[in-house]
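Results of the structural survey
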Amino acid sequence: MNTQRARSNNLQDEVLILGGGVAGCAASIALARKGRSVTLIEREPSPRHKVCGEFLSGEALEDLHALGIDVASLGAVPLNYVRLAAARRAAEAPLPFPAASLTRKALDTALIAAAVAAGVNVLRGRSVQSLSRTTGGLWTARVDDGAVYEAPTVFLATGKHDLRGHARPKDPHQWVAFKMYYRLSEGQKTDLADASELMLYSGGYGGVQPVEGGVVNFCCVVERRLFARAGLRWEGLLRKMQQDCPHLAMRLEGAEPLLEKPITVTHIPYGYIRRMTEDGLYCIGDQAAVIPSFTGDGISIALHTARQAAAAYLAAEPAPVFQPKLRSAMLPQMRLAEVAANGLNNGLARAVLPFCLRVWPGAMRVTAKLTRVTQPAATVAPQLSANSI
């Protein structure tokens, strides 16, 4: 699987996919199953935990089901409620669609295995240093070990990591995201139950939800200036978040952190949607669009853009035609999510939102529906229940 080919033989690959996360794997599976020769290059030698809320919306479950990924067998936890907490108030509403939670490490492991089974040539532990177009119209990817790979078509799926020469705009807010796994006390674990909780605090927000193995994922984002005020230390930032959001302090009381230190990523360009691309370069996942994390739609968008790009390529739709069409289709949900995110960062809104949602809990359901990726009606995902895992 990891055998390098000589440069002269690289032309046998029709498609080169850079990035072996959710989007890259999904696209590679779709293309390989249609008989295309695909090479996928992933920088990490093996799947690992990543900064991700790990929320699988109904759309994500449908796409994963279509790819043959049985999330229930992987231990996915069904989620039935969304809970919003700010200041000293909290409000709850049922989710308007089936949802689940699964660690990225488990999901990525399953997707890589499915890609290999579909016939994808998967190269792990290789970091692409540059991607350029030759005068003959081929794309050339240079890897850190000196190997060179060429193909007429490339899918750019490097996630939050930009490739030199193909970088997205800088993030003006300089968002910093953190992720930590905890084992909650029995009382807090029971109280959290099958809910995904959104915690609001000054300068950002965070989410707590159960994942497989009796563990919970706490993933949060904050503006760098506020992280700096906490001395650029996780412990200080966590104290500040708990002071601003007592519900978070309650949830983590007596919790055992399961990582030596949180996983971190910086400069996340929320609201970005790629306007255009070059011939033969399909941009998917976070390289196509970055929705605010509170929506829980990141994995769904990765799968959606991969499916749409693969379908466009198979239909001979050029990348410069596909990319702006994808942008136009996603623009309404992205703009609505940005407006909602700005509201969450407003102090007055944080103070009154839980009260308003208690009066009208349906508002959360409406917002959740409006920030979803539209799915074809023919796609049906299996229902998850507590008894199915």
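With that out of the way, let us pick up unusual backbone geometry. Positive phi is not limited to glycine here, since Ala193 has a value of about 50°. Examined against the element boundaries, Ala193 turns out to sit in the loop between α4 (186-192) and β12 (195-201). On the basis of relative accessibility, which here comes to 39%, the residue Ala193 falls in the partly exposed class. A positive phi angle is found at Ala316, which is not glycine, with a value near 65°. In this fold, Ala316 is placed in the loop between α8 (298-314) and α9 (319-344).

In this section: the sheet that holds strand β9 (residues 148-151). Taken in spatial order, the three strands line up as β7-β8-β9 in an open sheet, and their pairing is antiparallel. Among the strands making up the open sheet, the edge pair consists of β7 (128-133) and β9. Ignoring strand direction, the axes of neighbouring strands in this sheet form an average angle of 20°. Where β7 and strand β8 (residues 139-143) come together, five bridges link them in antiparallel fashion. Residue Arg133 lies in a different strand from β8, and its bridge partner there is Trp139.

So, about the nonpolar core. Grouped together as the largest cluster of nonpolar side chains are 54 residues, with contacts concentrated most on Leu56, Ile69, Leu107, Leu111 and Phe155. The greatest single-element share of this core, amounting to nine residues, is contributed by α8. Discounting chain neighbours no more than four positions away, the residues touching Ile69 are Leu64, Leu74, Leu107, Ala110, Leu111 and Ala114. The next biggest cluster of nonpolar side chains, apart from the first, holds 25 residues, and it includes Val176, Met180, Tyr182 and Leu237.

The interhelical angle for the contact between helix α1 (residues 22-32) and helix α3 (residues 104-118), taken along N-to-C directions, is 20°, at an axis separation of 9 Å. With respect to α3, the element α1 is oriented roughly parallel. In terms of crossing hand, the pair formed by α1 and α3 is left-handed. The segment α1 lies against α3, with Val22, Cys25, Ser28, Ile29 and Ala32 engaging Arg104, Leu107, Asp108, Leu111, Ile112, Ala114, Ala115 and Ala118. For the contact of α1 with α3, the class distribution of residues is 10 nonpolar, one polar and two charged.

What follows concerns the packing of aromatic side chains. Applying the stated criterion to the full structure yields 10 aromatic pairs. Plain terms: the ring middles of Phe55 and Phe97 are 6.4 Å apart, the flat faces sit at 75° to each other, and that makes the pair edge-to-face. Taken together, the residues Phe55 in strand β3 (residues 55-56) and Phe97 in strand β5 (residues 89-101) connect sequence positions 42 residues apart. Phe97 carries the same exposure label as Phe55, and that label is buried. Aromatic pair Phe178 and Phe227: ring centres 5.1 Å apart, planes at 70°, arrangement edge-to-face. Remark: Phe227 occurs in helix α5 (residues 224-229) and Phe178 occurs in strand β11 (residues 175-183); sequence separation between them is 49 residues. Each member of the pair, Phe178 as well as Phe227, carries the same accessibility label: buried. Clustering of aromatic rings is evident, with ring pairs tying together Phe155, Tyr282, Tyr313 and Phe322.

The rules we used
- By convention here, each chain's residues receive numbers from 1 onward along its written sequence.
- Given that this is a predicted model, residues contribute local features only at a pLDDT of at least 70 and side-chain atom pairs are listed and counted only at 80 or more, while totals for whole chains, interfaces and linings are drawn from all residues.
- Working from all heavy atoms in the structure, the side-chain values ignore hydrogens and water.
- Secondary structure counts use DSSP, requiring at least four H or I residues in a row for a helix and at least two E residues in a row for a strand, with both numbered from the N terminus.
- Each residue is assigned to one of three classes by its accessible area relative to the maximum for its type, calculated with a 1.4 Å probe on protein chains only: buried under 20%, partly exposed between the two thresholds, exposed over 50%.
- Only strands that DSSP links by at least two bridges are regarded as paired with each other.
- Helix axes are fitted to C-alpha atoms over the stretch in contact, other axes to C-alpha atoms as well, and angles between N-to-C directions run from 0 to 180 degrees.
- Here the nonpolar core consists of buried residues drawn from Ala, Val, Leu, Ile, Met, Phe, Trp, Tyr and Cys, with membership extended through side-chain atoms lying within 4.5 Å.
- Two residues form a contact once any of their heavy atoms are found within 4.5 Å.
- Angle categories: roughly parallel below 35 degrees, roughly antiparallel above 145, roughly perpendicular from 65 to 115, and oblique for all the rest.
- For a crossing to be left-handed, the near helix must be turned anticlockwise from the far one by less than a right angle; the clockwise case is right-handed.
- Ten residues, namely Ala, Val, Leu, Ile, Met, Phe, Trp, Tyr, Cys and Pro, are considered nonpolar, four, namely Asp, Glu, Lys and Arg, are considered charged, and the remaining ones, Gly among them, are considered polar.
- Ring pairs shown here join Phe, Tyr and Trp side chains whose ring centres sit within 6.5 Å, with only the six-membered ring taken for Trp; geometry is labelled stacked below 30 degrees between planes, edge-to-face above 60, and tilted in between.

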